[in-house]
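Per-entry structural report
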Amino acid sequence: MKSTKSPKKDGPAGDEDYGANVVVNRPAVEAGLPVLDAGGDFADGIIAYEGRWLGADTFVSFDKKAAKLIERQGASVRLLS
């Protein structure tokens, strides 16, 4: 009789089972995608979202492109130099 267990895959720590246990913060991802689509960095969109979620009023960055893209979304932005 064959085993009905899911196949094991070799992982970084040896023989581990990598199932479908994925956790996603969907609103954060949905905030990152428009920035990525506009030619920016996905992470900048997520950082701006998380900052707003945590109560920040202004997105602050050294990155001119990120500041421009986040400002286009209607957020308050401060560009540091």
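In this report, we go over the structure that sits alongside the text. (Residues numbered from 1 in each chain as written. Predicted model: local features only at pLDDT ≥ 70, side-chain atom pairs only at ≥ 80, totals over all residues. Heavy atoms only, no water.)

Before going further, it helps to examine helix H2 (residues 42–53). Compared with an ideal rise of 1.5 Å per residue, which puts 12 residues at 16 Å, H2 spans 17 Å between its outermost C-alpha atoms and is within 8% of the ideal. Buried residues belonging to H2 abut helix H1 (26–37), strand S3 (58–61) and helix H3 (64–72). Within two residues after H2, Gly55 carries a phi angle of roughly 105 degrees, on the positive side. (Helix = DSSP H or I, 4+ residues; strand = E, 2+ residues; numbered from the N terminus. Expected span 1.5 Å × (residues − 1). Contact = heavy atoms within 4.5 Å.)

This part is about the pattern of salt bridges. Across all of its chains, the model carries one salt bridge by this definition. Across the pair Glu30 and Arg26 runs a salt bridge whose closest N-O atoms are separated by 2.9 Å. Separated by four residues within a single helix, Glu30 and Arg26 lie in helix H1, roughly one turn from each other. With relative accessibility at 58%, the residue Arg26 sits in the exposed group. (Salt bridge = Lys/Arg side-chain N within 4 Å of Asp/Glu carboxyl O. Buried < 20%, exposed > 50% of the residue type's maximum accessible area, 1.4 Å probe, protein only.)

Nothing here speaks to function; it is geometry throughout.
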